Every structure is written in C-alpha cells, then in structure tokens.
Amino acid sequence: MKKFKPNTEGFYGEYGGAFVPEMLYPNVKQLQAEYQKIIDSSDFQAEFNLLLHDYVGRPSPLYFSKNLSRKYGAQIYLKREDLNHTGAHKINNTIGQILLAKRLGKKRIIAETGAGQHGVATATVCALMGMECKVFMGEIDMARQKPNVDRMRLLGTEVVPAKSGSKTLKDATNEAIREWINNPVDVHYIIGSVVGPHPYPDMVAQFQSIISAEMKKQLLEKTGSESPDYIIACLGGGSNAMGAFYHYIDDPKTKLIAVEAAGKGVETTETAASIALGRKGIIHGSKTYLIQTDDGQIVEPYSISAGLDYPGIGPVHAYLHDSGKAEIVNATDMEALAAGFELSQLEGIIPALESAHALAHLPKMKLKPSDVVVVNLSGRGDKDMQTYQKFLNV
Ligand SMILES: *Cc1c(COP(=O)(O)O)cnc(C)c1O
C-alpha cells in the first residue's frame, strides 16, 4: 500500500524536521539513512507481520456496535486495539522498533514513559527479544502509576526515576536523551508516539498504519466499501490517530477527526489541547504546535487520562490540521468519563480513558442513518479503574 511520507528532511509542510543537539547527529543520521530500507526488506516484513499476528493477536476485530449505532443513529464500528497484547495500540510500534534496533546492531534499549503504558510495551518487547532495557520515568509518575512500574520490573526492565524539574514526562525525556548522547553506538531509543526528530514520526506512523490497512479490508467485507464516512481517534502524541488515518489521508470520502484532551476545559489552565491553545514551537526535536507561555516555556499539560497529557502533538497532525485534511476537536474530562461509562454499560467494553475522548465526540456529531463511523478504540480501561471508581458513586 502507498506510504504517506514527509519530505526527505522529515517535514510535513512546515512541521517536523530534526532539531537535535549536535551530539545526537550520528544516531539520528544513521536512523534516517537506514530505517526505510530496513522496514521495506522482506525479512523485516515477515518477522513484523508474524509477531503482529501471533504475539499481538492481530488483526484486531472491527466490531459493529449495535447499541451505540442505535443510540446515535448511524452505523458505528469500533476498531478493537484494546484487544491487543498489553491492552493498547502501543505494542505495534514497539515491535517494529525493536526489530529495527536489532538490524541496526543495537545492544540496549532505552525509552521514556509518562503513564507507563509505553514503558510497559517497550519492556515487553525487550523481554521477548532478550534486549537489555532501561525506562526513564518521572519520580512523581512512578508513584502515581505504581502498577505499571511493577509490570516493567517484572518484565526485567530497569526503571530509572527522573528526579529533576517537575519529575514528570518531560524530565524523563531529558534523561533518556542524555543517556542516548552518552551511548551513541549501542543504544536505540524507542519513542512511543509520532513525535521526536525525523525519522521517528514517519517510522512510528508506518508501524501503526497496520490499523487502517486492516480497517480497509474489514470495512469492505462488512459494508461493501473500504471508505467510511468518518474515522475518529483520540490525540495524545498522535500515534493511534495516525495509524487509523494513514491509508485514508487522501480519501475524499472519509472525514478524519482527532480528539484532544481539553482537561477541565480549554478556557482553563488545566488542559492538554495543543491545537486549540498551542502555538508553533519546537519540542522533542520537531516543529509543531505546543502549549507554551509567552516566553516559550513549555506548560505542564493536564488531562484525566495520563496518555493524553503531552504538551505538544506530532508534527503530522499540525500539518493535517493546517491543511484541513483532518479536523481536530477536543473533549473534557467529564465528557470522556461519561463516554467511558456509556460504552461500558451499552456494550460491555470498558475503554481506556484516552479512547473515551474519541467516543465523547459522537454526541456532538450530526449523523445520518447511512453514515459509517469508525471509532479507534486505542486501549482498554483496566488501567483506569481507580479513576472510574472515583466517579462511580457521584
Ligand atoms: C498512549 C495512549 C494514547 C495516546 O497516544 P497516541 O500516540 O496519541 O496514540 C491513546 N490511547 C491509549 C490507550 C494509550 O495508551
């Protein structure tokens, strides 16, 4: 299938690129030079596809949700990434990157994680491949997300606390980059979303594009057309959205909708809505929209769902937004919670709070009975039980 790609410098329009310290040039240049050749090789494709099938459990089902369809007056399908091994889409990317790292001759893996979901997906593939793994995590996040810290340790990964700054994701990222600079030859840095310097956004998009590749076949079989009227996905860094959009970006029939986390509301300071509130700047090595103060300091984002509280978005989404190829909306904590309760009780599926943001857009749409809508259910809600529980009795 056709690839949707940035230019050779990694730009989607004016967004993206590779703004990295000179010390990182050798690593980034090596990746840029090698990644596409490796991904396109037949032995990579064979190993990647076998693992996606037998280890992850793909293809993930495309489920016709009769009850949501009745409620919203359209034909609503759920792409069940929640059924993947480790409970979300993130494993698609970590499998791709570990296979790439092996072929680059790397000996060790590092990653950063906020909520711990990407850390767990990375620790999982490192266990599978017998690679040494270090995951950097803010000290505060480690306390907040203890079950994921325990999971990573059980999988044999060393979890390194980031003790500087606000002791959260951005500090963990800084520590991971420092480690990478100090070990340029034998370390591969697995980034968890379509963010970071080129070629990460493109590489992660290609690994996640399996989602829309499967969707095309499944929709054709179930509806007689590959192209739905709408695809809706939540937007943190943007990898599940990009995976769900990838093969539809130039399809005139399909409207692409990404839902950011508004947190307590875009009119408050407790939000993670990068497109609604952000301005252009550089974060983690690429140019995109990010939430920043007037003098360019990154603002600590907030969302009820830990996977969406990233202060920027992948450069490809900045481009999709500006070019009108995707519509970027947002949903508040309360809207997402309501949508999470609704899916649980209408379908017996407890969604991740991230995915609940995508579902929260349904009541705001004007749908016709003939409309085919796919909601990308990026993950399952087991990890969010504590948060759901708090709202069960109110
Ligand atoms: C991490 C995560 C997200 C957000 O990341 P994207 O790169 O925007 O997809 C969304 N849903 C789930 C379940 C996650 O774990």
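For every chain, the first residue of the written sequence is number 1, and numbering continues from 1 onward in sequence order. With pLDDT at 70 or above as the cut-off, local features in this predicted model cover only qualifying residues; side-chain atom pairs require 80 or more to be listed or tallied, and sums for whole chains, interfaces and linings still use all residues. Side-chain numbers here rest on the full set of heavy atoms in the structure, without hydrogens or water.

### Some details on the pattern of salt bridges
Any Lys or Arg side-chain nitrogen located within 4 Å of an Asp or Glu carboxyl oxygen qualifies as a salt bridge. Inspection of the entire model under this criterion finds 27 salt bridges. With a shortest N-O distance of 3.1 Å, Lys 280 and Glu 14 are connected by a salt bridge. Of the two residues, Lys 280 sits in strand S11 (residues 279–283) while Glu 14 sits in the loop between strand S1 (11–12) and strand S2 (15–16), which places them 266 residues apart along the sequence. Across the salt bridge formed by Arg 144 and Asp 141, the nearest N and O atoms sit 2.6 Å from each other. Numbered from the N terminus, helices here are DSSP runs of H or I no shorter than four residues, and strands are runs of E no shorter than two.

### Some points on the packing of aromatic side chains
Paired rings are identified among Phe, Tyr and Trp, the last through its six-membered ring, by centres lying within 6.5 Å, and are further divided according to the angle between planes into stacked (under 30 degrees), edge-to-face (over 60) and tilted (the rest). Evaluated as defined, the whole model comprises 12 aromatic pairs. Aromatic side chains Trp 180 and Tyr 189 sit 5.4 Å apart centroid to centroid with 70° between the ring planes, which places their arrangement in the edge-to-face category. Note on Phe 341 and Tyr 388: the rings are 5.7 Å apart at their centroids and 75° apart in plane angle, and the pair reads as edge-to-face. Taken as a pair, Phe 341 in helix H14 (residues 333–347) and Tyr 388 in helix H16 (residues 385–392) lie far apart in primary sequence, 47 residues in all. Only protein chains enter the accessibility calculation, which uses a 1.4 Å probe; a residue whose area is less than 20% of its type maximum is buried, one above 50% is exposed, and one in between is partly exposed. Take Tyr 388: its relative accessible area is 4%, and that puts it in the buried class. Through successive ring pairs, a cluster of aromatic residues spans Phe 4, Tyr 12 and Tyr 319. Between Lys 216 and the ring centre of Tyr 248, over which it is positioned, the NZ or CZ distance is 5.5 Å. In this scheme, the term charge over a ring applies when either NZ of a lysine or CZ of an arginine sits within 6 Å of the ring centre and within 35 degrees of the ring normal.

### Regarding helix H4 (residues 90–103)
For H4, built from 14 residues, the straight-helix expectation of 20 Å at 1.5 Å per residue is met to within 8% by its first-to-last C-alpha distance of 21 Å. Buried residues dominate H4, accounting for 11 of its 14 residues. Restricting attention to buried positions, one finds in H4 the residues Ile 91, Asn 92, Asn 93, Thr 94, Ile 95, Gly 96, Gln 97, Ile 98, Leu 99, Leu 100 and Ala 101. Once H4 finishes, Gly 105 follows within two positions and takes phi at roughly 75°, a positive value. Multiply 1.5 Å by the residue count of a helix minus one, and that product is the helix's expected span.

By themselves, these figures tell us nothing about what the structure is for.
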